[in-house]
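Residues per chain, in single letters:
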Amino acid sequence: MPQFLRLTTAAHRRLHIRTFINAKIKWVRDPYLDTAVEREKNLKPLLSLKTLIISQPSQTLPLAAVSPLKPQLNLPTTAEKFIKDYPFIFKQFLPPNITNSLPHLKLTPRALSLHNDEVFLLSMSHYRKDVVKRLAKLLMISRAGKLPLYLIEMFKYDLGLPHDYILTLLPEFPEYLQICDMGLQDSDGHVIFGLELVSWRDELAVSEIMEKRRRMGEVGRKIDFFINLPRGFELEKRVEEWMLKWQSLPYISPYENAFHLAPNSDQAEKWVVGVIHELLSLLVSKKTERENVFCFGEFLGIGQLRIKKALVHFPGIFYVSNKIKTQTVVLREAYRKNFLVEKHPLMVMRNRYISVMYLVLRRGKPIRTGFIGHRGRLASRSKVSNRIVDPNRLRRDVDDVD
């Protein structure tokens, strides 16, 4: 297992103090990142319903069978209305040669073609190896090298795991992962199962921020977090001075155990920021619901309050969007305006679904609406831009701000 960082006596004293000043850091809306969140509205339930339909032997499903599954599919409205909202994905029909037949549901040829392309992507060896490595890294962040299946289920969509990953993916990589008994029981007395590492892998215990520094040839330099503040956001001088000091603290990898640190110290908060940063970096869209982050932190023993403080104190690292009736934590540096800087192949695939979702018929011809047009409106907003805070600027000697 990785060793703790060796610190000088002076640095060690700073690990156990809290210096954050009593200042309110305001939340500023970021329309670009809100758009990045909102454009995926209903994509997850749509893909869940698509998978359910395609898993049937006939690749069709009675419409009446979908309504009772509304909670499991997380449909935002009635099944019938949801299906009608996406006519280029779902098609209702009456089975032929059946008296008094009830409406059934199937995928349109366009949607079926997308599904086949998605299946091909998920079957590619490099994709499967990538998702297994990211899942292994997620387990490595936990102290025990294991996570309960219910927690992995929360991140299954964000990780890009196949819906049947336990049956189809895990047997392919027995040297990485295995099912385990967590030694816990749920409220009904049932055994809680989880997923654990077969063995620790040093080659994977490298955070994304450290890997980026390596690719940039900056090995050995002090590691700062990239800070990107939206226009209209101004830090108070005393907050900026505190942040300079905070950036100068040693970077402790999320793959190292930092629970020897005083929970309320600046150094512990920097480690928590690193954990959230790495968690988001492992996800294909570099964002997830805030509740998922809370649950992950709770299992690690971090606690909601410390997670909330990290998200509030560092709005230049994380953005919390209030769109689509939830709160979504977004990794700022992963986006340029409302687009991912580096698109994972699965996100390219999901964007193709989104393009079809927002097709409607006008005068018998399919045209795009929704976020395709919204993208153009955003681009025309010259007054909205992001302000990049150069890490070099936050690299001044601490003596300058003491």
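Cut-off values and rules
- Residues numbered from 1 in each chain as written.
- Predicted model: local features only at pLDDT ≥ 70, side-chain atom pairs only at ≥ 80, totals over all residues.
- Heavy atoms only, no water.
- Helix = DSSP H or I, 4+ residues; strand = E, 2+ residues; numbered from the N terminus.
- Buried < 20%, exposed > 50% of the residue type's maximum accessible area, 1.4 Å probe, protein only.
- Contact = heavy atoms within 4.5 Å.
- Pairing = 2+ DSSP bridges.
- Core = buried A, V, L, I, M, F, W, Y, C linked by side-chain atoms within 4.5 Å.

Enquirer: Sorry if this is basic, but what is going on with the overall build of the chain here?
Expert: Secondary structure assignment for the chain yields 17 helices and 15 strands. Each of the 402 residues in the chain was classed as buried or not, and the buried ones make up 49%. A separation threshold of at least 6 residues defines the contact pool for the chain, and within that pool the share at least 24 residues apart is 70%.

Enquirer: Please clarify how the sheet that holds strand 1 (residues 61-62) should be interpreted in this entry.
Expert: On the basis of which strands lie adjacent, the open sheet formed by three strands has the order 1-3-2 and antiparallel pairing. Looking at strand neighbours, the two that pair on one side only are strand 1 and strand 2 (90-93), the edges of this open sheet. Of the strand pairs in this sheet, strand 2 and strand 3 (residues 104-107) are connected by four bridges, and their pairing is antiparallel. By the bridge assignment for strand 3, F93 is matched with H104.

Enquirer: How should the environment of Q185 be read in this particular structure?
Expert: Structurally, Q185 can be placed in strand 5 (residues 177-185). Given the relative accessible area of 57%, Q185 is considered exposed.

Enquirer: What is the right way to read helix 15 (residues 304-313) from this model?
Expert: When helix 15 is considered as a whole, its buried residues turn out to be R306, I307, A310, L311 and H313. Among the structural elements, helix 12 (237-248), helix 13 (266-281), helix 14 (290-300), strand 9 (318-321) and strand 10 (328-331) are those in contact with the buried residues of helix 15.

Enquirer: It is not clear to me how the environment of L280 should be interpreted in this structure. Could you clarify?
Expert: As for its placement among the helices and strands, L280 is situated in helix 13. Sequence separation between L280 and V329 is 49 residues; the distance between their C-alpha atoms is 8.3 Å. Once residues lying within four places of it in the same chain are set aside, the contact partners of L280 are K286, K287, T288, F318, V329, V330 and L331.

Enquirer: Hey, could you run me through the nonpolar core in this one?
Expert: As a rule of thumb, nonpolar side chains are buried together in soluble globular proteins. L49, F90, L177, I276, F296, I317 and F318 are the most contacted members of the largest nonpolar core, which has 111 residues in total. The residues contacting L177, other than those within four sequence positions of it, are V132, L135, A136, L139, L170, L195, E196, L197 and V198.

Read these as geometric descriptors, not functional statements.
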